[in-house]
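# Chain and residue survey
In case you want the letters, here they are:
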Amino acid sequence: MMARSIHQSEPASRGFSGTARLSAWLLSGTMLAVSGASPIWAQEVTELGEITVTNEGQDPFGPGDGYVADATTTGSKTVTPIREIPLSVSVVTRQQIDDRQPAQLEDALSYTPGVTTSIWGVDDRFDQFLLRGFDVGTAGIFRDGLSQKVIDFSGFKIEPYAVERVEVLKGPVGVLYGENDAGGLVNVITKRPVFDTFYEGFASYGSFNTFEGGFDVGTANEDQTVAVRLTGLARDGATEIDSSENDRLLLAPALTWQPTSDTSLTVLTNIQVDKLTPNNFLPVAGKNYPASVGELPESFVYSQSDYNHFNANHGGLGYEFEHRFNAAFQVRQNLRFSAQETDYHHLYYNGMANNTTMNYVAFTVDENATIFNVDNQLQYEADFGPVENTLLTGVDYSRHQVDGNKRYEQAYTVSVLDPNFNFDVTEPPIYQDGVQTIDRVGIYAQNQARIFDRWLLTLGGRQSWVRNTYDDRLANDDTRQDDQIFSGMAGLGYDFDNGITPYVSYSESFVTNVGSTFDGSLFKPSEAGQVEAGIKYQPTFFNGFFSVAVFDITKTNVLTTDPNNANFQVQTGEVNHRGIELEGNVSLGNGLSLTTGYTYLDAKITKSNDGDEGNRPARVPEHQASLWANYKIPEGALEGLSLGAGVRYIGDSYADNANAIPVDGYTLFDSAVRYERNNYELSLNVSNVFDEDYYATCSTSGCIRGEGRVIKGMFTAKF
């Protein structure tokens, strides 16, 4: 007899979504439901046969098991093994975050296949990245399953220290999450209370004279019905840009009330104050101005105007409620309200006036943004002969609103030959002032079925309604656009005893387009459809998870120039992204952990009136690869010492859709050294160890440099 952790790989773990209106998508010989009343990660499961299996099960909201996570709620809005999701799901566990010490959310994703991070270099205003070649970073961020998209210039940045894990759901996911671009989404799981007492604190010092300190503490009452947690962080620092700011204050209280095993309420809150500095695109010899002028002095590359700042104060208050009525029915409601105040001033480069003179623009944003989300779910579980099903029906609503003004004036020039910013910048005139409101409503359903204990069938559909309004205070005018669209998905997999699960799926998503054609017709949403096939493997004899996926995504109704009216657009454009992703995560008992991935992406503009048909979309590399390994010495004189090292490769790309400006690929190395003794730990992390000089991306006007070497030393105490 042997024991192993199966972490929700049993049929009891599934959950689903659906509505009567969409039931045609959910029939096909399967109906509803399955399993027991207690949370799956707390169950004991016994397999019939010669082997008895004890399931301690991973909490899908928890940190994972080392570098490996095997259960998710992001992939299905129910507790489901990742291997049973017929789409690609990647999880950055808490241990990976602790070992690599990412400075921001996008850095936490830098070893995840299918994700291209830091596409705007040291510009830290937002978390920005590509998913399967689509620029969805600002619009594809979710927090605890609810949208936290950037609204205009309000980004609601997420602090990695306050995160339990980060999950990436790739490809079109319109059924579960409504409006979202073709590449997928990133769902951040917030640290939440656990029914235990713990204390953690840290202090760190790093590059650019950056000081940081934080704490994470929690406890529970004696009856184990109430648990609380408080996470906090303070940072006073800078970036490699001269006279920059990289300051943050964070406080995140959380509370869980669980009066019975069938009812729980978790309240999650956060308050965050950021003072950041924007970065600039700059001309590059041979790309954006004559090579004969030479490169800009390095002192100028990292200099800026004192006018520049990006101050953002934001916070959120929400809850997650769950109640199980009986073995068949349970309800959930997730709700959150977030608000941000943004004060942004930027004197930025805007192209060459002549061979030796740069144009600069004074730009400001003063705005207040709010996001309200609520997601209501009803889950029904039942068995019908050889079919075990779970049906989850859902209705969600969100309101994104931004109220503010923008100012703009192109009135400044700087010499390439003698660059300096020793001039006063006056407040530019207002060119936009108003309130934009986006209301989204969706009714969705998803049914997951296990048939004859082997076949995994997932079917889903959603009807979405989107209303976009703008109250223009300058023009004293209101505009409104209403869209509605249906999205569907279907997936089929087969669960082998040895941990191998092959699958195939089709999924859809959409994004709205505000505006109209020359004849006044409103733009339709751009739609995306993906075919994906792959194999997921969860070994039965060691802690690991591996996957390979091939995919083909086509996005239609893309805006392109109207050939008959040059100042207008039509929706005859189309892009196609297809490729392959390989991923592996391992945590062995001997102290070795690693994560590795490779992405090949064949991206092409397949229809366009802009003269770029057949070209590769801007900023999309063809190849990406990464490997991070960490070894913790388990015993002996060096017990407690761990060494980590990683390498990231981002391939060549283009700065523009015309493919006229190539951008070279680059390879970066990272490292970590940690020593843990009793309850104390010392660590040293270095990203871009060799201080590689590279361009993160370019545009037709200039390039932006990637992040240089960053060193961080930290002392941590845990009790």
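A short tour of the structure in this document, coming up. (Residues numbered from 1 in each chain as written. Predicted model: local features only at pLDDT ≥ 70, side-chain atom pairs only at ≥ 80, totals over all residues. Heavy atoms only, no water.)

## Here's the deal with the sheet that holds strand β5 (residues 129-131)
- A sheet is described by the order of its strands in space; here three strands give the open sequence β4-β5-β6, paired in antiparallel fashion. For this open sheet the edge positions go to β4 (115-117) and β6 (134-135), each flanked by a neighbour on one side alone.
- As paired strands, β4 and β5 are joined by three bridges and run antiparallel to one another. Counterpart to Thr117 in the pairing with β5 is Phe129. (Pairing = 2+ DSSP bridges. Helix = DSSP H or I, 4+ residues; strand = E, 2+ residues; numbered from the N terminus.)

## Examining the nonpolar core
- Ranked by internal contacts, the top residues of the largest apolar core, which has 35 residues, are Leu109, Phe129, Leu131, Val166, Val186 and Val188.
- Of all the secondary structure elements, the ones that give two or more residues to this core are β5, β9 (163-170), β10 (184-190), β25 (544-562), β27 (592-607) and β32 (666-677).
- Those residues in contact with Val188, other than ones at most four positions away along the chain, are Leu105, Phe142, Arg143, Asp144, Ile158, Val163, Arg165 and Val166. (Core = buried A, V, L, I, M, F, W, Y, C linked by side-chain atoms within 4.5 Å. Buried < 20%, exposed > 50% of the residue type's maximum accessible area, 1.4 Å probe, protein only. Contact = heavy atoms within 4.5 Å.)

## Section: the pairing of strand β23 (residues 500-511)
- Pairing of strand β22 (residues 477-494) with β23 involves five bridges; the strand directions are antiparallel. Residue pairing in the sheet places Gly493 in a bridge with Tyr503 of β23.
- In this antiparallel pair of consecutive strands, β22 and β23, the connection spans five residues, and Gly499 shows a positive phi of 95°.

## Topic: empty space enclosed by the protein
- Counting across every chain of the model gives 17 cavities of 30 Å³ or more.
- Computed from the structure, the second largest cavity encloses a volume of approximately 230 Å³.
- Around the second largest cavity, the lining is made up of 24 residues, and of these Ser147, Tyr177, Asn373, Asp396 and Ser398 lie nearest the centre.
- In terms of residue count, the dominant contributor to the lining of the second largest cavity is strand β21 (residues 455-472) (four residues).
- Its residues assigned to classes, the lining of the second largest cavity shows 10 nonpolar, seven polar and seven charged. (1 Å grid on protein atoms, 1.4 Å probe; cavity = no way out; pocket = protein on both sides within 12 Å on 5 of 7 lines; lining within 4 Å. Points joined across faces, edges and corners; volume = space filled by probe spheres on them. Nonpolar A, V, L, I, M, F, W, Y, C, P; charged D, E, K, R; others polar.)

## Re the pattern of salt bridges
- This model, assessed by the stated rule, comprises 41 salt bridges.
- Taking the shortest distance from any N to any O, the salt bridge between Asp127 and Lys157 comes out at 4.0 Å. Of this pair, Asp127 sits in the loop between β4 and β5 while Lys157 sits in the loop between β8 (146-147) and β9, placing them 30 residues apart in sequence.
- Overall, Asp127 belongs to the buried group, its relative accessible area being 3%.
- By relative accessible area, Lys157 is classed as buried at 6%.
- A salt bridge links Arg235 to Glu212, with the nearest nitrogen and oxygen atoms 3.0 Å apart. Of this pair, Arg235 sits in strand β13 (residues 226-236) while Glu212 sits in strand β12 (residues 210-220), and the two are 23 residues apart along the sequence.
- Under the relative-accessibility criterion, Arg235 is labelled buried at 10%. (Salt bridge = Lys/Arg side-chain N within 4 Å of Asp/Glu carboxyl O.)

## Examining the side chain of Ser118
- With respect to the helices and strands, the residue Ser118 is situated in the loop between β4 and β5.
- There is a polar contact of 3.1 Å between the side chain of Ser118 and the side chain of Glu106.
- In contact with Ser118, other than residues within four places in its own chain, are Glu106, Asp107, Gln128, Ala696 and Glu707. (Polar contact = N/O pair within 3.5 Å; in protein donor to acceptor, adjacent residues only side chain to side chain.)

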